[in-house]
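Chain by chain, the residues:
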Amino acid sequence: GEGVSDLLEILDLQAQMLELTADFDGPAEGTVLEAQLQEGRGAVASILVQQGRLKKGDYIVAGRGFGRVRDIMDDRGGRSDAAFPSDPVTVSGLGEVPNAGDQVFVVKNLREAETAAKERVAAERQRSLTRERVTLDNILERMSEADKKELSIILKADVQGSVETITAALGKMSNEEVRVSIKHSAVGGISESDVSLADASAAIIVGFNVTASGKVRRAADDSGIDIRYYDVIYDITDDIEKAITGMLEPE
């Protein structure tokens, strides 16, 4: 607890000097801090309200997710009817899990919310379909990439922040001989479709703070799919590093 009061005092001074202000009455805007699937509540997003007033019943858009605010919970787990600028709250009622960092805003009705969410999904899809064109400058690099061995991974985690962190960590582990390829990553438990994708792409399934049902485990056993469960990110990177080392050509 040491230094907290000094920190708050400095932050308050900075806010005054920078003239940081917010609207407490208009439609709410904010940012997703974290998101996950919760049993009984569906897609849940922890957001920081930055402008306006967020009320229970508001129609909101959060990244690819949209819906009507079903409930609002404060940072101590208490239910609330509204949230204001600087309030960190958790809301439910979204149809899909958004990404950490996605912008949140209130719209007039469900149709507007759906339209805005679809536009964001379309933009994400367009970015994912964009491929670097093959030119004389990069053709040799492409050919050398094709000769690399590939370690394919399907990643499932409990929250979006974990998905992003693990994906970034694994993406840095590729080397001159072996490329780590994330075939699919998402929030939620390991499903039969994950097993099917792993079978088709010769991938291993990595689960972080999630489990698989007995039916899914049996399907994985029948297909010879390796499912690894973790609760520490460093254990994942250690095991993947060992796997990469095992794939290297002996010198």
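Our subject in this report is the structure included herewith. (Residues numbered from 1 in each chain as written. Predicted model: local features only at pLDDT ≥ 70, side-chain atom pairs only at ≥ 80, totals over all residues. Heavy atoms only, no water.)

### Notes on a nonpolar patch on the surface
In plain terms, the rule: In this analysis, a patch consists of residues with relative accessible area above 30% that form no salt bridge, clustered at 9 Å for like charges and at 5 Å for the nonpolar side chains Val, Leu, Ile, Met, Phe, Trp and Tyr. Note that accessible areas follow from Shrake-Rupley with a 1.4 Å probe, and for residues the cover is restricted to the protein chains shown. Here, a salt bridge means any side-chain nitrogen of Lys or Arg that lies within 4 Å of a carboxyl oxygen of Asp or Glu. To qualify as a helix, a DSSP run of H or I must reach at least 4 residues; to qualify as a strand, a run of E must reach at least 2; elements of each kind are numbered from the N terminus. Note on classification: 1.4 Å probe, protein chains only; a residue is buried when its accessible area is under 20% of the maximum for its type, exposed when over 50%, partly exposed between these limits.
Taken together, the side chains of V4, L7, L8 and L11 present a nonpolar region at the surface, about 380 Å² in accessible area. Within the secondary structure, V4 sits in helix α1 (residues 4–17). Taking the relative accessible area as the measure of exposure, V4 reaches 43% and is therefore partly exposed.

### A closer look at the pattern of salt bridges
Tallied over the entire structure, the rule returns 9 salt bridges. A salt bridge links D71 to R41, with the shortest nitrogen-to-oxygen separation between them at 2.7 Å. Placement of the pair is D71 in strand β5 (residues 65–73) and R41 in the loop between β1 (29–38) and β2 (42–51), with a sequence separation of 30 residues. No difference in accessibility class separates D71 from R41, as the two residues are buried.

### Quick look at the packing of helix α4 (residues 160–171) against helix α7 (residues 233–247)
To keep it simple, the criterion reads: For every element, the axis is a line fit to its C-alpha atoms; helices are fit only across the contacting stretch, and the angle between N-to-C directions ranges from 0 to 180 degrees. In what follows, roughly perpendicular refers to angles from 65 to 115 degrees, roughly parallel to angles under 35, roughly antiparallel to angles over 145, and oblique to any angle outside these ranges. Take the far helix as your reference; a near helix turned counterclockwise from it by less than a right angle gives a left-handed crossing, and one turned clockwise gives a right-handed crossing. Contacts are assigned to residue pairs that have any heavy atoms within 4.5 Å of one another. Think of it as three bins: nonpolar holds Ala, Val, Leu, Ile, Met, Phe, Trp, Tyr, Cys and Pro, charged holds Asp, Glu, Lys and Arg, and polar takes everything else, Gly as well.
Orientation of α4 relative to α7, taken along the N-to-C sense of each, is 25 degrees, at an axis distance of 11 Å. With respect to α7, the axis of α4 lies roughly parallel. Crossing hand, α4 versus α7: right-handed. For the pair α4 and α7, contact is made by T165, I166, A169 and L170 and by I233, I236, T237 and I240, respectively. Looking at side-chain class alone, the contact of α4 with α7 contains 6 nonpolar, 2 polar and no charged residues.

### Looking at the packing of aromatic side chains
We apply this condition: Ring pairs are drawn from Phe, Tyr and Trp, using the six-membered ring of Trp, whenever the two centres fall within 6.5 Å, and their geometry is named by plane angle: stacked under 30 degrees, edge-to-face over 60, tilted for the rest.
Scanning the model with the defined rule gives 1 aromatic pair in all. Taking 6.1 Å as the distance between ring centres and 20 degrees as the angle between the ring planes, the aromatic pair formed by F24 and F84 counts as stacked. Pair noted here: F24 is in the loop between α1 and β1 and F84 is in the loop between β7 (82–83) and β8 (88–94), with a separation of 60 residues, a long-range link. Given a relative accessible area of 29%, F84 falls into the partly exposed group.

### Remarks on the pairing of strand β10 (residues 149–157)
Remember that side chains alternate between the two faces of the sheet whenever the strand is regular. Selection criterion: Whether two strands pair depends on DSSP finding at least two bridges between them. We call a crossover right-handed when, viewed with both strands directed away from the observer, the connection leading from the first strand over the helix to the second proceeds clockwise.
Most of β10 is tucked away: 7 of the 9 residues are buried. Inspection of the sheet shows β10 paired to strand β11 (residues 178–187) by 9 bridges, in the parallel sense. Paired with I154 across the two strands is H184, which belongs to β11. In this region the chain leaves β10, passes through α4 and returns to the parallel neighbour β11; the handedness of that crossover is right-handed.

### Topic: unusual backbone geometry
For S86, which is not a glycine, the phi torsion comes out positive at approximately 85 degrees. Among the structural elements, S86 can be located in the loop between β7 and β8. Of note in this structure, N209 is not a glycine but carries a positive phi near 60 degrees. Within the fold, N209 resides in the loop between β12 (204–208) and α6 (214–223). Residue N209 is classed as partly exposed on the basis of its relative accessible area of 40%.

### As for the sheet that holds β10
Ordered in space as β11-β10-β12-β13, the 4 strands form an open sheet in which the pairing is parallel. The strands lining the two open edges of the sheet, one partner per strand, are β11 and β13 (227–230). The average undirected angle you get between the axes of adjacent strands in this sheet is 25 degrees. Across the sheet, helix α5 (residues 192–201) is in contact with β10, β11 and β12; its angle to β10 comes to roughly 175 degrees.

### Observations regarding the nonpolar core
What counts is decided by this rule: Nonpolar cores are built from buried Ala, Val, Leu, Ile, Met, Phe, Trp, Tyr and Cys residues. Side-chain atoms within 4.5 Å join them into one set.
In terms of nonpolar packing, the biggest core is built from 36 residues, with I47, L54, V89, V91, L170, I236 and I240 touching the most fellow members. Setting aside residues no more than four positions away along its own chain, V91 makes contact with R41, A43, V44, A45, I47, L54, I60, V69, D71 and I72. Membership of the second largest hydrophobic core comes to 12 residues, among which are I154, I205, V210 and I227.

### Considering the environment of V187
With respect to the secondary-structure elements, V187 resides in strand β11. Spatially, the C-alpha atom of V187 lies 25 Å from that of I244, the residues being 57 residues apart in sequence.

### Things to note about the side chain of R41
For R41, a relative accessible area of 16% puts it in the buried group. When near neighbours in sequence (up to four residues on either side) are disregarded, R41 contacts R70, D71, M73, T90, V91 and S92.

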